[in-house]
Structures are given as C-alpha cells and as structure tokens.
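Summary of structural features
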Amino acid sequence: MHKVLEEYLPGIFGSGFKALAKRFKITGGHKLIMKWYQQWDGTIDSLKPKPKGHRARTMTEQEVNDYIVEFVKSKNNEHVHINYKMVQAHIESALKRHVPIRTVRRYGKEHGIKWKKTRELTLRDVGQFRRTFQRVNKNRLIFIDEIAIYSVAIPRKTLVCPGEQPLILVTQPSAYAKRYDFIGAVNGSKPIACMTLTPEDRNYRKIKGVRQEIISEWITDTLAPAINQLQIDNIYLICDRSTSHNGVNMMEALRAGRCTSVKEIIHMPTASAKYLSPLDNPLWHSFRESIRNQHPLSPTDIPLLLSKTFYSLSKQEIKNAYRKCSLIYGNNEYYDRP
C-alpha cells in the first residue's frame, strides 16, 4: 500500500488513482486506493490496521458460568423446560441489574448452550420406573418379551488360518431362513415360562407373528400355572407397549389360568425396553449367541433347543441383567441415560 501511494501524483496523467489501480492490479480498484490515501500520513505505520475497541462485558466469566451455564444444567438434570427468558429472569434476580436477553443468548451460545428438540417423558419415565421398582423384591418382578430366532444363524466369529476366509457352509441364505417366534418370562432369580411359535403354527393359525390371542393363550396355559408354583404374592407382570400386550386381556388370561397373585400389569415407557427389560438387555443377546454357537440347527430340534437354552439361564446371569437395567436398590437410575 505504501509503495502504491508513493507513486500517486495529483494532477499528473498516469499517476492518478485509477491509473495506479490498473498498473498495480489492485482488486478493490481506485476507491480502495482513495481510502488508503485518506488514512496515510506518509508513513507505513499509518496504514497498519488499528485495533478495534471491544464492548464492555455485561457479565464476568464467573457470573456467566454461575448464572447461565450452571442454571441451565440444573434444569436439564431436573428434566424441566428452560428458555432464555427464564435464564434472564434468574440472572436479574440474582445480580439485581438488567441484562439484555440478546446478551444472555450470546453468552449462552459462546458456552455451547443450544436449542434441541425435546422428548416426552411420562410419569413412568425410565428413572421413575427404576426408582419405583428398585425397592420391590426382584422375584416379584416378572418380565415377558418376544424374540425372533432364525433357522440359519451362524456363529459371528470363527478361527481362520493365514490366507483363509471365514466362510461357513449353510443350506440356504439367512435371508430365506425360517423364523421362530419365542416368548419368555423371567423373574429376579430364574426363567419362569416360555413358548415357541413355529412357522407351521403361524401358517395353521393364518397369522404373521405373535398376536394378542397367542399371548393370552400362552398366559392361561403356561405362564399362570408357572406363577402359581412360585407361591409369591403381589407380583408385577411387566412388558413393553406392543399391540399384543393388552393389559385387560392379559389380566383376564391370568384369571382364566386361576392365577390371582399378579397385582398389576405394568407397561414400560415407550422405546425404553433396552434400558428396563432384563430380557431385552442383555439376556436375549446371550440367548441368541448360545443358539448361534450350536450351528447347524435342525428345524425339527429348534423348539426344544430354544426351550432348553432359555431354561439354562443361570441365576447369576439374570441377577446381572437386573443390575444392568438398574433395578437393584442403590443403583443410579439415570446412569445410562443421555
């Protein structure tokens, strides 16, 4: 810039602003050179950018942390709604001075506070559910759930020598394998009852999967007698919100099976089974892996194999599953929640 301005000679053809812009190929054109000239006093230092003044902080860094960040964090932990007007009111109440809401937003953004879409938590949310049943004897908590097992289920891993491939010979691709619907029930110490719905059963009944009538029939014929053998009163029967788990129908099925020890049918919060059900987390995983490790499977032996594998679940496995779902007294009910 200084070199260009030294070439400027007022009133001399070829030394004006436009000529200099063309000669030195100035991107901003002659107007930029005029701006430099207004700032220039003949020295290089006069062309250096001058530091811009910063606005005075309305709140100190410590105040921002105490009255914005920590306040929002506390409301998040309480799972209640929070917005910047509420934050502003909290700040002004604590500091006894006015702080513009635009300033509050700017400080919040600088510290990573963002707007995020909310998710509903009903009265029986994950934490509330766990807190409610942590104090209940685990043998009084019976969980039921379903899982699909396929006739072609190869082990996930196999030993392979250098240069070889981990290929397993199967009779048909797993995409075309037959599906067996399995229903199981456990309490805090052992498997209670189970049932396998085979492809032939589904074809005979003209259904595509587990339906209300299947659940009701299984409860009356199998689960109710098994619960009676436990000789435990005030039992909670817990399941997900599947359309096949109709609470009224399930209670009627229990009464039809002469079971009066079930106090209530409890439905877990929507999309929470992986956090709350010992079957869904992690018993079904170990159950499925046990089946995989017995490859190849004979279709005629699968129902018996499923039943045998389910009843072989140990007391320690089940206890660990209840602990992982934070159903044990003293566990943090929100330890695995985002």
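Notes on the structure in this doc start here. (Residues numbered from 1 in each chain as written. Predicted model: local features only at pLDDT ≥ 70, side-chain atom pairs only at ≥ 80, totals over all residues. Heavy atoms only, no water.)

**A short note on helix α13 (residues 302–311)**
Worth spelling out the cut-off: For each residue, the accessible area found with a 1.4 Å probe, counting protein chains only, is set against the maximum for its type, and the residue is called buried under 20%, exposed over 50%, and partly exposed in between. We count a stretch as a helix when DSSP gives it H or I for four or more residues in a row; a strand needs E for two or more, and each element gets its number in order from the N terminus. Throughout, the arc means that of the directions going from the helix axis to the C-beta atoms. We call two residues in contact when some of their heavy atoms are within 4.5 Å.
Those residues of α13 that fall on the buried side of the exposure criterion are Ile302, Leu305, Leu306, Thr309 and Phe310. All buried residues of α13 project into a common sector of 130° when viewed along the axis, lining one side. When the buried face of α13 is taken as reference, the exposed residues oriented beyond 90 degrees from it are Leu304 and Lys308. The inward-facing, buried residues of α13 contact β1 (141–150), β2 (179–186), β3 (191–197) and α12 (279–292).

**Here we look at helix α6 (residues 101–110)**
For α6, the set of buried residues is Ile101, Thr103, Val104, Tyr107 and Gly108. Angular distribution of buried residues about the axis of α6 spans 155°; they occupy a single face of the element. Facing away from the buried side of α6 by over 90 degrees, the exposed positions are Arg102 and Lys109. Packing partners of the buried residues in α6 comprise α4 (61–78) and α5 (84–95). Directly after α6, the chain includes glycine 112, whose backbone phi takes a positive value near 80°.

**Things to note about the sheet that holds strand β4 (residues 235–239)**
Two strands in a sheet stick together by hydrogen bonds in their backbones, pointing the same way (parallel) or opposite ways (antiparallel). To be explicit about the condition: Pairs of strands are assigned from DSSP output, requiring at least two bridges between the strands. Under this scheme, a helix contributes an axis fitted over its contacting stretch, all axes are lines through C-alpha atoms, and angles between N-to-C directions fall in the 0 to 180 degree range.
Read from one edge to the other, the open sheet built from five strands follows the order β3-β2-β1-β4-β5, with strand pairing classed as mixed. The open sheet terminates on both sides in strands that have one partner only, identified here as β3 and β5 (262–267). Mean inter-strand twist for the sheet, computed between neighbouring axes without regard to direction, equals 20°. In this structure, β1 lies alongside β4, joined through three bridges in parallel fashion. Paired with phenylalanine 143 across the strands is isoleucine 238, a residue of β4. Along the sheet, α13 contacts β1, β2 and β3; its crossing angle with β3, the most-contacted strand, is approximately 160°.

**A word on the packing of aromatic side chains**
Applied cut-off: Side-chain rings of Phe, Tyr and Trp, where Trp is taken by its six-membered ring, are said to pair if the distance between their centres is within 6.5 Å; with planes under 30 degrees apart they count as stacked, over 60 as edge-to-face, and otherwise as tilted. Our definition puts a charge over a ring when NZ of Lys or CZ of Arg is within 6 Å of the ring centre and also within 35 degrees of the ring normal.
This structure, assessed with the given rule, holds 15 aromatic pairs. Measuring from centroid to centroid gives 4.2 Å for tyrosine 8 and phenylalanine 17, while their planes differ by 5°, and the two rings are stacked. Seen from their ring centres, tryptophan 284 and phenylalanine 310 are 6.1 Å apart, and the 40° between their planes marks the pair as tilted. One end of the pair, tryptophan 284, is in helix α12; the other, phenylalanine 310, is in helix α13, and 26 residues separate them in sequence. Look at tryptophan 284 and you get buried, because its relative accessible area is 5%. One aromatic cluster is present, formed by Phe182, Trp284, Phe287, Phe310 and Tyr311 through successive ring pairs. Directly above the aromatic system of tyrosine 107 lies the positively charged group of arginine 106, at a separation of 4.9 Å from the ring centroid.

**Here's the deal with the side chain of aspartate 181**
With respect to the secondary-structure elements, aspartate 181 resides in strand β2. The residues touching aspartate 181, leaving out its near neighbours within four places in the chain, are Ile147, Ala148, Met195, Thr196, Leu197, Arg202, Gly209 and Val210.

**Some details on the layout of surface pockets**
Going by this rule: Space inside and on the surface of the protein is sampled on a 1 Å grid over the protein atoms alone, with a cavity defined as a set of points where a 1.4 Å probe fits but cannot get out and a pocket as an open set with protein on both sides within 12 Å along at least 5 of 7 lines; lining residues have an atom within 4 Å of a point. Grid points are joined across faces, edges and corners, and a volume is the space filled by probe spheres set on the points. When residue character is reported, Ala, Val, Leu, Ile, Met, Phe, Trp, Tyr, Cys and Pro are called nonpolar, Asp, Glu, Lys and Arg charged, and the others, Gly included, polar.
If you add up the space inside the second largest pocket, you get close to 170 Å³. The wall of the second largest pocket is formed by Ser151, Val152, Leu169, Val170, Thr171, Gln172, Lys178, His295, Pro296, Leu297 and Pro299. For the lining of the second largest pocket, the class distribution of residues is six nonpolar, four polar and one charged.

**With respect to the side chain of serine 326**
Structurally, serine 326 is set in the segment after α14 (315–324). You can call serine 326 buried: its relative accessible area is 0%. Every residue in contact with serine 326, bar those within four places of it in the chain, is listed here: Arg130, Gln134, Asn331, Asn332, Glu333 and Tyr335.

**Things to note about the pairing of β2**
Regular strands place side chains that alternate from one sheet face to the opposite one. Taken across its eight residues, β2 has seven buried, putting it largely inside the fold. Here eight bridges tie β1 to β2, and the two strands are oriented antiparallel to one another. Across the sheet, glutamate 146 pairs through a bridge with isoleucine 183, a residue of β2. As judged from the six bridges shared by β2 and β3, these two strands associate in the antiparallel manner. From the neighbouring strand, glycine 184 faces β3, where its bridge partner is cysteine 194.

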